[in-house]
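Below are the chains, spelled out letter by letter.
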Amino acid sequence: FLLIAAAPADQFIETRFCGIPDRNLDGTIIRSTKVLTEYKKIHPCPSTKITFGSCSGWIMDHVIPLACGGCDSVSNIQWLPTEMWKQKSLWERNIYGGKNISKGCP
């Protein structure tokens, strides 16, 4: 006999989506360098295994782009190989831009 309990509704909240991003006067999205620093502490560079400095061949990428409402948070960052990041950059805003959340996200 298998009993399956329903999960609380608040368990399924998307923590990587924050809505329309704040912008500087010149229109660029306001970002926090602390987020990247904290991410590196938890997830060292895949190629060097160190928690600071550059990471040859890899880029820290926002899973959900900031322009499409993604949070500038550790939970929304991932390491991607540079070539994979270049390919993702070609289509990601079309995938995540369905909400037309802000300028730069179709």
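Residues numbered from 1 in each chain as written. Predicted model: local features only at pLDDT ≥ 70, side-chain atom pairs only at ≥ 80, totals over all residues. Heavy atoms only, no water.

## Quick word on the overall build of the chain
Here is step 1 of the chain: A tally of helices and strands in the chain yields two helices and two strands.
Here is step 2 of the chain: The order of α-helices and β-strands along the chain, N terminus first, is α-β-β-α.
Here is step 3 of the chain: In the chain, buried positions account for 29% of the 106 residues.
Here is step 4 of the chain: In the chain, of all internal contacts separated by at least 6 residues, the share reaching a separation of at least 24 is 59%.
Here is step 5 of the chain: On the chain, roughly 7,300 Å² of surface is accessible, and the fraction owed to carbon and sulfur atoms is 61%. (Helix = DSSP H or I, 4+ residues; strand = E, 2+ residues; numbered from the N terminus. Buried < 20%, exposed > 50% of the residue type's maximum accessible area, 1.4 Å probe, protein only. Contact = heavy atoms within 4.5 Å. Areas by Shrake-Rupley, 256 points an atom, 1.4 Å probe, with all protein chains shown as cover.)

## Here we look at helix H2 (residues 82-96)
Here is step 1 of the chain: If you check H2, its first and last C-alpha atoms are 20 Å apart, about what 15 residues at 1.5 Å a residue would give, namely 21 Å.
Here is step 2 of the chain: Roughly 40 degrees is the biggest bend found in H2, and it falls at Leu 90. (Expected span 1.5 Å × (residues − 1). Bend = angle between axes of the 7 residues up to and from the residue.)

## A closer look at the packing of aromatic side chains
Here is step 1 of the chain: Evaluated as defined, the whole model comprises one aromatic pair.
Here is step 2 of the chain: Summarising the aromatic geometry, the rings of Tyr 39 and Trp 79 are spaced 6.0 Å apart at their centres and angled 55 degrees between planes, so their arrangement reads as tilted. Of this pair, Tyr 39 sits in helix H1 (residues 33-42) while Trp 79 is found in strand S2 (residues 77-81), placing the two residues 40 residues apart along the sequence.
Here is step 3 of the chain: What makes Tyr 39 buried here is its relative accessible area of 5%. (Phe/Tyr/Trp six-rings, centres within 6.5 Å; stacked < 30°, edge-to-face > 60°.)

## Looking at the state of the cysteines
Here is step 1 of the chain: If you walk through the whole model with that rule in mind, you get two disulfides.
Here is step 2 of the chain: A sulfur-sulfur separation of 1.8 Å characterises the disulfide bridge that pairs Cys 18 with Cys 71. On the sign convention where negative means left-handed, the S-S torsion of about 95 degrees between Cys 18 and Cys 71 marks this disulfide as right-handed. Here Cys 71 lies in the loop between strand S1 (58-62) and S2 and Cys 18 lies in the segment before H1, a separation of 53 residues in the sequence.
Here is step 3 of the chain: Paired through a disulfide, Cys 45 and Cys 55 show a sulfur-sulfur distance of 1.9 Å. Sign of the S-S torsion, about 80 degrees for the bond between Cys 45 and Cys 55, identifies this disulfide as right-handed. Of this pair, Cys 45 sits in the loop between H1 and S1 while Cys 55 sits in the loop between H1 and S1, and the two are ten residues apart along the sequence.
Here is step 4 of the chain: The exposure class assigned to Cys 55 is buried, which follows from its relative accessible area of 10%. (Disulfide = S-S within 2.5 Å.)

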